[in-house]
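Architecture and fold: a report
Here is how the chains run, residue by residue.
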Amino acid sequence: MNVQTVDYCAHDAPGRFVQSLRETGFAVLVRHPLPPWLINGIYRDWLQFFESGEKEPWRFSRDTQDGWFPPDVSETAKGRSQRDLKEFYHVYTWGRIPPELRTDALSYHGTANALAAELLGWIEAALPTEVSGKLSEPLSTMIDRSPNTLLRVLRYPPLSGDEPAGALRAAEHEDINLITLLPSATGPGLEVRDRQGNWHAVPYETGALVVNVGDMLQEATQGWLPSTPHRVVNPTGADAAESRISLPLFLHPRDEVVLSERHTARTYLDERLRELGIKRA
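One structure accompanies this document, and this report is about it. What you see is a predicted model, and the numbers here were worked out from it, not measured in a lab.

What counts, and at which threshold
Counting restarts for each chain, with residues numbered from 1 along the sequence as it is written. Predicted model: local features are reported for residues with pLDDT of at least 70 only, side-chain atom pairs are reported and counted for 80 or more only, and whole-chain, interface and lining totals are derived from all residues. Hydrogens and water are ignored here; the side-chain numbers use all heavy atoms of the structure. We call a residue buried when its accessible area falls under 20% of the maximum for its residue type, exposed when it is over 50%, and partly exposed in between, using a 1.4 Å probe and counting protein chains only. The helix count covers DSSP runs of H or I at least four residues long, the strand count covers runs of E at least two residues long, and both are numbered beginning at the N terminus. For two strands to count as paired, DSSP must find a minimum of two bridges between them. Take the number of residues in a helix, subtract one, and multiply by 1.5 Å to get its expected span. Among the buried residues, those of types Ala, Val, Leu, Ile, Met, Phe, Trp, Tyr and Cys that are joined through side-chain atoms within 4.5 Å form a nonpolar core. By the convention used here, residues are in contact when the closest approach between their heavy atoms is within 4.5 Å. Between N-to-C directions, angles cover 0 to 180 degrees, with each direction set by a line fitted to C-alpha atoms, over the stretch in contact for helices. We call two directions roughly parallel when the angle between them is under 35 degrees, roughly antiparallel when it is over 145, roughly perpendicular when it lies between 65 and 115, and oblique otherwise. Note on convention: the crossing is left-handed when the near helix lies turned anticlockwise from the far helix by less than a right angle, right-handed when the turn is clockwise. Classes in brief: Ala, Val, Leu, Ile, Met, Phe, Trp, Tyr, Cys and Pro nonpolar; Asp, Glu, Lys and Arg charged; the others, Gly included, polar.

1. A short note on the pairing of strand E4 (residues 87-91)
- Here E4 lies mainly inside the structure; 5 of its 5 residues are buried.
- Neither face of E4 is left uncovered, since the one carrying Glu87, Tyr89 and Val91 and the one carrying Phe88 and His90 both have all their residues buried.
- Two strands pair when backbone bridges link them, and strand E3 (residues 67-69) and E4 are joined in this way by 3 bridges, in the antiparallel orientation. Pairing of Trp68 across the sheet is with Tyr89, part of E4.
- Here E4 runs beside strand E5 (residues 150-156); their pairing, made up of 5 bridges, is antiparallel. Opposite Phe88, over in E5, you have Leu154 as the bridge partner.

2. Remarks on helix H3 (residues 99-126)
- In a regular helix each residue adds 1.5 Å, so 28 residues correspond to 40 Å; H3 covers 41 Å between its end C-alpha atoms and thus fits that length.
- Every buried residue of H3 is accounted for by Leu101, Ala105, Tyr108, His109, Ala112, Asn113, Leu115, Ala116, Leu119, Leu120, Trp122 and Ile123.

3. What about the nonpolar core?
- Counting 60 residues, the largest nonpolar core has Phe17, Trp46, Tyr108, Leu119, Ile123, Ile179 and Leu181 as the members making the most contacts within it.
- Apart from residues no more than four positions distant in its own chain, Trp46 is found in contact with Tyr89, Val91, Ile97, Pro98, Leu101 and Val153.
- With 18 residues, the next largest nonpolar core counts Phe88, Leu154, Leu190 and Val232 among its residues.

4. Brief notes about the packing of helix H2 (residues 36-50) against H3
- At a closest axis distance of 10 Å, the pairing of H2 and H3 adopts a crossing angle of 140°. Classed by the angle they form, the pair H2 and H3 counts as oblique. Crossing of H2 over H3 shows left-handed handedness. Contacts between H2 and H3 involve Leu38, Ile39, Ile42, Asp45, Trp46 and Phe49 from the former and Leu101, Asp104, Ala105, Ser107 and Tyr108 from the latter.
- Here the residues of the contact of H2 with H3 are counted per class, giving 8 nonpolar, 1 polar and 2 charged.

5. Focus: unusual backbone geometry
- Although it is not a glycine, Arg31 sits at a positive phi angle of roughly 55°.
- Locating Arg31 in the fold gives a position in the loop between strand E2 (26-30) and H2.
- Of note, the phi angle at Arg145 is positive, near 60°, even though the residue is not glycine.
- Tracing the chain through its elements places Arg145 in the loop between helix H5 (139-142) and E5.

6. Here's the deal with the sheet that holds strand E8 (residues 190-193)
- Strand order in the open sheet formed by 4 strands is E6-E11-E8-E9, and the pairing between neighbours is antiparallel. Each of the sheet's edge strands pairs with one partner strand only, and the pair in question is strand E6 (170-173) and strand E9 (199-201). If you compare each strand with its neighbour and ignore which way they point, the axes differ by 20° on average.

7. Description of H2
- End to end, H2 covers 21 Å across 15 residues, agreeing with the expected 21 Å (1.5 Å per residue, within 8%).
- Contacts made by the buried residues of H2 are with E3, E4, H3, E5, strand E7 (179-183) and strand E12 (244-246).

8. So, the packing of helix H1 (residues 13-24) against H3
- Between H1 and H3, whose axes approach to 9 Å, the crossing angle comes to 80°. Looking at the two axes, H1 sits roughly perpendicular to H3. Taken together, the residues of H3 that come into contact with H1 (itself represented by Ala13, Pro14, Phe17, Val18 and Leu21) are Leu119, Trp122, Ile123 and Ala126.
- When the residues that make up the contact of H1 with H3 are grouped by side-chain class, the tally is 9 nonpolar, no polar and no charged.

Structure follows, in structure tokens:
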């Protein structure tokens, strides 16, 4: 499986980017405009938050789904019985954020959201007319002023050796949203599954940005772009004793956006959250 690494600044970047998404559901961008100092600072500061007792008052709200999700309520991937080995914090622009972490988190959220709009424009420009003609609105405007776009700060804790049999840091799953922007985590481990069922490591490069297609974009493009299963595998050796921090931004449309004859963004999201056991109010 050839997940392409694409130079964001190259003249042929849009075409190569969309080609990789079309073939694999994933692409890797280098020399992108997201500031590495901001990403690294978020990794450092949120790791301290996760490792401290300061997270307890920020436990998530079942009604609004913002806040800290401890490991014992972490997601269970569709079709799995074991919870993922992770904890995470849901950052929404309107949500609760620890004051000392708020400025950088919202700065990154805004900067990455702007890049995502540009990348969705690249995608729409490449769509066949029979696909683009059925969009309810341009892809890039589907996320405009959306309260649903989610910045998830993830911590995969060190492995203790007594994890449940078969449990993974993140079991096989597809993302729900339009596209996901994922700057390089603090360690490798992300894998993607090809159509034959084989698993391949997504190229890991410090400072790179992984972008993948979500189920909503697959729905909106009638399958022209695939939402590909992926996972985060457990490390071995010395890496098993280290936390892994990652920072996916899940680009969601506004609730009322029509994805297809079957779904609005709201009905699609609610269906998937029920499957994950974290249905919102």
